[in-house]
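Chain by chain, the residues run as shown.
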Amino acid sequence: MSTPLILRDPASARRWTLEHQASARRVALVPTMGALHRGHLALVDVARSHADHVIVSIFVNPTQFNRAEDFDSYPRVIDDDLAICAEHGVDAVYLPAAEAMYPSGFDTRIEPGSIASRWEGEHRAGHFSGVATVVIKLLNACAPDVAVFGAKDLQQLTVIRRTVTDLDLGVDIVAGDTIRESDGLAMSSRNRRLDSVARQRALAIHRGLLAAVACANAGHGPDAIERAARDLIDPAADDVEYVAVVDSATFERSPTMIDGCGYSVIVAAWFGGVRLIDNMALPRSA
Ligand code: AMP
């Protein structure tokens, strides 16, 4: 177990990557906000399968939080995170201070388009602009060959792919599968804030998603699929922001499902003061 190198500003992160790339070694970046769990570590494994060296960034990005209390209560356990990175053979951790990311006078934002206007974008004003801006900054600072993102945040992954393509960033964006607890709850740093009762109720999300997939398998359309999910999620949640069948590429709600196209069912709901999101791909009928 060796301690990862800690890099605290864009110049040192970039230098580290360029040194490896100068000897034809590939670098993969896994951007995170810390409070690392097995979902993040699965992304590190994916990163390692695509590159010779892995850098994990840890930065709780203030500009993607639309509620101050969510930002304030976001778990910060940096010593644990660094120990986990060391155990998992991460080569470097990019750990910028807020002033290194947003020095005084900072005045630029990336504004992603239509994909970002829906669902998470609608319920969390400014969220995807904050995400896209910080991800572009992390990609520029760490200059990786590959960056790995989780399908757990499917709309985020889709927005990032679009932004990276549109801005000609030339970084391969690779997706990692959603990692779940043994009872089906998708791993999330925010799960730490669930009390035991809310955590138990939150299992309805996974059950609802499975019911949605079963409904799609039985040949039903979006209305019935959403109802099947809601029948399980609505009674358990304090509030359900959305349950929707969407085209996985555009995130438009799909009134019908065309054979051969990709669709997902997406959910955002509140349990005991904690907002959780999850999704599942729906079977393709052709
Ligand atoms: P976060 O630290 O929550 O901002 O997440 C950092 C990265 O980890 C993002 O690409 C997330 O999609 C991904 N991630 C979070 N939870 C999971 C999970 N349960 N399985 C796979 N990836 C995840």
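Keep in mind the model is a prediction, meaning the values are calculated, not measured.

> Residue-level account of helix H1 (residues 10-22), with values.
End to end, H1 covers 18 Å across 13 residues, agreeing with the expected 18 Å (1.5 Å per residue, within 8%). Regarding H1, the residues found buried are Ser 12, Ala 13, Trp 16, Thr 17 and His 20. Buried positions in H1, seen along its axis, are confined to an arc of 135° and lie on one side of it. For H1, the exposed residues set more than 90 degrees away from the buried face come down to Glu 19 and Ala 22. Looking at the packing, one finds that the buried side of H1 touches strand S1 (5-7), strand S2 (27-32), strand S3 (53-58), strand S4 (92-94) and helix H7 (127-142). Ala 24 occupies a position one or two residues after H1 and carries a positive phi of about 60°.

> So what's going on with the domain arrangement of the protein? Residues and values would help.
Per the domain assignment, the segments making up the protein are domain 1 (5-176) and domain 2 (189-280). Distance between the C-alpha centres of domain 1 and domain 2: 26 Å. Contacts between the two partners involve 24 residues from domain 1 and, on the opposite side, 21 residues from domain 2. Summed over both sides, the interface of domain 1 with domain 2 buries roughly 1,900 Å², with 53% coming from carbon and sulfur. In this assembly, domain 1 and domain 2 are joined by three salt bridges. The salt bridge partner of Arg 275 is Glu 120, with a shortest N-O separation of 2.7 Å. Looking at the side of domain 1 that touches domain 2, the elements that each hand over two or more residues are helix H3 (68-73), helix H6 (120-123) and helix H8 (154-166). With three residues, H8 is the largest single contributor of residues to the side of domain 1 that touches domain 2.

> Which residues make up the sheet that holds strand S9 (residues 274-281), and what values go with them?
Taken in spatial order, the three strands line up as S7-S8-S9 in an open sheet, and their pairing is antiparallel. Edge positions in the sheet fall to strand S7 (239-247) and S9, since each of these pairs with one other strand and no more. Shown here is a sheet whose adjacent strand axes are inclined to one another by a mean of 10°, direction ignored. With eight bridges joining them, S7 and strand S8 (residues 263-271) adopt antiparallel strand pairing. Paired with Val 243 across the bridge in S8 is Val 267.

> With reference to specific residues and values, describe the state of the cysteines.
One pass over the structure, following the stated rule, counts zero disulfides. No disulfide involves Cys 85; its sulfur sits 13 Å from the nearest other cysteine sulfur, which is in Cys 142. With a relative accessible area of 1%, Cys 85 lands in the buried category. Residue class for Cys 142 comes out buried when judged on its relative accessible area of 0%.

> Any chance you could break down the site of the ligand for me, citing the residues and the numbers?
His 40, Gly 150, Asp 153, Ile 179 and Met 187 are the nearest of the 17 residues found near the ligand. For the ligand, an oxygen atom lies 2.8 Å from a polar atom in the backbone of Gly 150. Measuring from a nitrogen atom of the ligand, one finds a backbone N or O atom of Ile 179 at 2.9 Å. If the ligand stood free it would expose 480 Å²; the protein chains cover 93% of that surface. At the level of secondary structure, the elements contributing two or more residues to the shell around the ligand comprise S2, helix H2 (38-50) and strand S5 (146-150). For the shell around the ligand, the leading source of residues is H2, giving three residues. Taken together, the residues of the shell around the ligand sort by class into seven nonpolar, seven polar and three charged.

Rules and cut-offs
Residues numbered from 1 in each chain as written. Predicted model: local features only at pLDDT ≥ 70, side-chain atom pairs only at ≥ 80, totals over all residues. Heavy atoms only, no water. Helix = DSSP H or I, 4+ residues; strand = E, 2+ residues; numbered from the N terminus. Expected span 1.5 Å × (residues − 1). Buried < 20%, exposed > 50% of the residue type's maximum accessible area, 1.4 Å probe, protein only. Arc of directions from axis to C-beta. Contact = heavy atoms within 4.5 Å. Domains from an automatic or database assignment. Buried area = accessible area lost by both parts, 1.4 Å probe. Salt bridge = Lys/Arg side-chain N within 4 Å of Asp/Glu carboxyl O. Pairing = 2+ DSSP bridges. Axes fitted to C-alpha atoms, helices over the stretch in contact; angles between N-to-C directions. Disulfide = S-S within 2.5 Å. Near = heavy atom within 4 Å. Polar contact = N/O pair within 3.5 Å; in protein donor to acceptor, adjacent residues only side chain to side chain. Areas by Shrake-Rupley, 256 points an atom, 1.4 Å probe, with all protein chains shown as cover. Nonpolar A, V, L, I, M, F, W, Y, C, P; charged D, E, K, R; others polar.

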